[in-house]
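# Structure assessment
In case you want the letters, here they are:
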Amino acid sequence: MPIATPEKYAAMIDNAKARGFALPAINVTSSQTLNAALNGFAEAESDGIIQVSLGTALYLSGAGVQNRAVGSKALALYAHEVARGYGVTVALHTDHCPVEHLDDWVRPLLDDAIERRARGLDPLFQSHMWDGSAVPLDENLRIADELLSLSERARTILEIEVGVVGGEEDGISHEINDELYSTVEDARATIAALGAGERGRYLTALTFGNVHGVYNPASVHLRPEILGEIQSAIGAEVGRDRPFDLVFHGGSGSSPAEISAAISHGVVKMNIDTDTQYAFTSSIAGHMMSNWNKVLKVDGGYGDKKAYDPRSWGKPAEAAMTARVVRAAEELGSAGNALR
């Protein structure tokens, strides 16, 4: 199955919401981690989302190019080729774009998608995230309004963040405090600015105490019931059950009960980065520590090329990350629920 068409991506989201599970959204940094994620989705018989972050987009373009749009497109073209070999549906997504990088990342990719549409082609990416958490809500929604119009022309889905996710990811950071909780008023303003789907589909990351990265669980207080309160209040106003398609950011370390509660309130996508990065890199660290005298040229020796060949540590690292993706699909309920 190739990368999802716009119609298939919408069906993936509808399937998750109707059947009560969330799609694993895995951040990748290379072709290796992309392959690991694809293999994990296939082993779990789960559809999923592959994400590229702000820093990864630059990294993927190479030190001599340093262009986020180029790096993103390069990985997407690779993904479109290799994804054909897997029996699941996969969407591509750009993650957490702040205001200062819209012009060198998301807008060029939307322009590319609009140009591809004019040639009868599907977009390379199926969705893009505008992270307006660092600007006032009215500015956040004004920019979201503009990007939603562009997304409709590009046949892509927009993801927005209403509220603040604590912690740090790719240089975007927020304190862990009482500002980490979205309100009904925030959600009402979102509907007023963007509509309830009639102007174009969007995903919403409402915050309920979420924190990115590695953190002390004692300092994080998730309140998924906030999502239910917002969905109920706004649903009554727009006449639709659970009107928001929600995204769970900063889910690393969350308990199964917290994940299940969030999904019950309309979470259809959960971002996973820290745990899969750790699985990949810890496998490499184990190989290097166990084979240090073969990897290094010790005491004038030559080492053992088989020990430092990137494939010797890359294959088990991919396998370790694949296993973590399978676990994520099982925890989110997407395992065995791939569209056919």
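Located above this text is the structure these notes cover.
Criteria and thresholds
- Residues numbered from 1 in each chain as written.
- Predicted model: local features only at pLDDT ≥ 70, side-chain atom pairs only at ≥ 80, totals over all residues.
- Heavy atoms only, no water.
- Helix = DSSP H or I, 4+ residues; strand = E, 2+ residues; numbered from the N terminus.
- Expected span 1.5 Å × (residues − 1).
- Contact = heavy atoms within 4.5 Å.
- Buried < 20%, exposed > 50% of the residue type's maximum accessible area, 1.4 Å probe, protein only.
- Pairing = 2+ DSSP bridges.
- Axes fitted to C-alpha atoms, helices over the stretch in contact; angles between N-to-C directions.
- Polar contact = N/O pair within 3.5 Å; in protein donor to acceptor, adjacent residues only side chain to side chain.

### Side note on helix α8 (residues 225-238)
Look at α8: 20 Å from first C-alpha to last across 14 residues, which is about the 20 Å you get at 1.5 Å a residue. In this structure, the buried side of α8 is in contact with α7 (184-194), β8 (202-206), β9 (245-248), α9 (256-264) and β10 (267-272). Just downstream of α8, Gly239 is the residue with a positive phi angle, here 75 degrees.

### Some words on unusual backbone geometry
We note that Gln66 has phi near 55 degrees; this positive angle belongs to a residue other than glycine. Note that Gln66 resides in the loop between α3 (54-60) and α4 (68-82). Phi at Arg242 takes a positive value of approximately 45 degrees, unusual for a residue other than glycine. With respect to the helices and strands, Arg242 occurs in the loop between α8 and β9. Overall, Arg242 belongs to the partly exposed group, its relative accessible area being 22%.

### A closer look at the sheet that holds strand β2 (residues 48-52)
Read around the closed barrel, 8 strands run β1-β2-β3-β4-β5-β8-β9-β10, paired in parallel fashion. Taken pair by pair, the neighbouring strands of this sheet meet at an average axis angle of 25 degrees, ignoring direction. Pairing of strand β3 (residues 90-97) with strand β4 (residues 127-130) involves 3 bridges; the strand directions are parallel. Directly across from His93, in β4, lies its bridge partner Ser127.

### Considering the side chain of Gln126
One can find Gln126 in the loop between α5 (102-118) and β4. Within the structure, Gln126 has its side chain in polar contact with the backbone oxygen of Pro123 (distance 3.2 Å). A distance of 3.4 Å separates the side chain of Gln126 from the backbone oxygen of Leu124, its partner in a polar contact.

### A word on the environment of Thr94
Mapped onto the secondary structure, Thr94 falls in strand β3. Discounting chain neighbours no more than four positions away, the residues touching Thr94 are Val52, Trp105, Val106, Leu109, Phe125, Ser127, His128 and Met129. In terms of polar contacts, Thr94 uses its side chain to reach the side chain of His128, at 2.7 Å.

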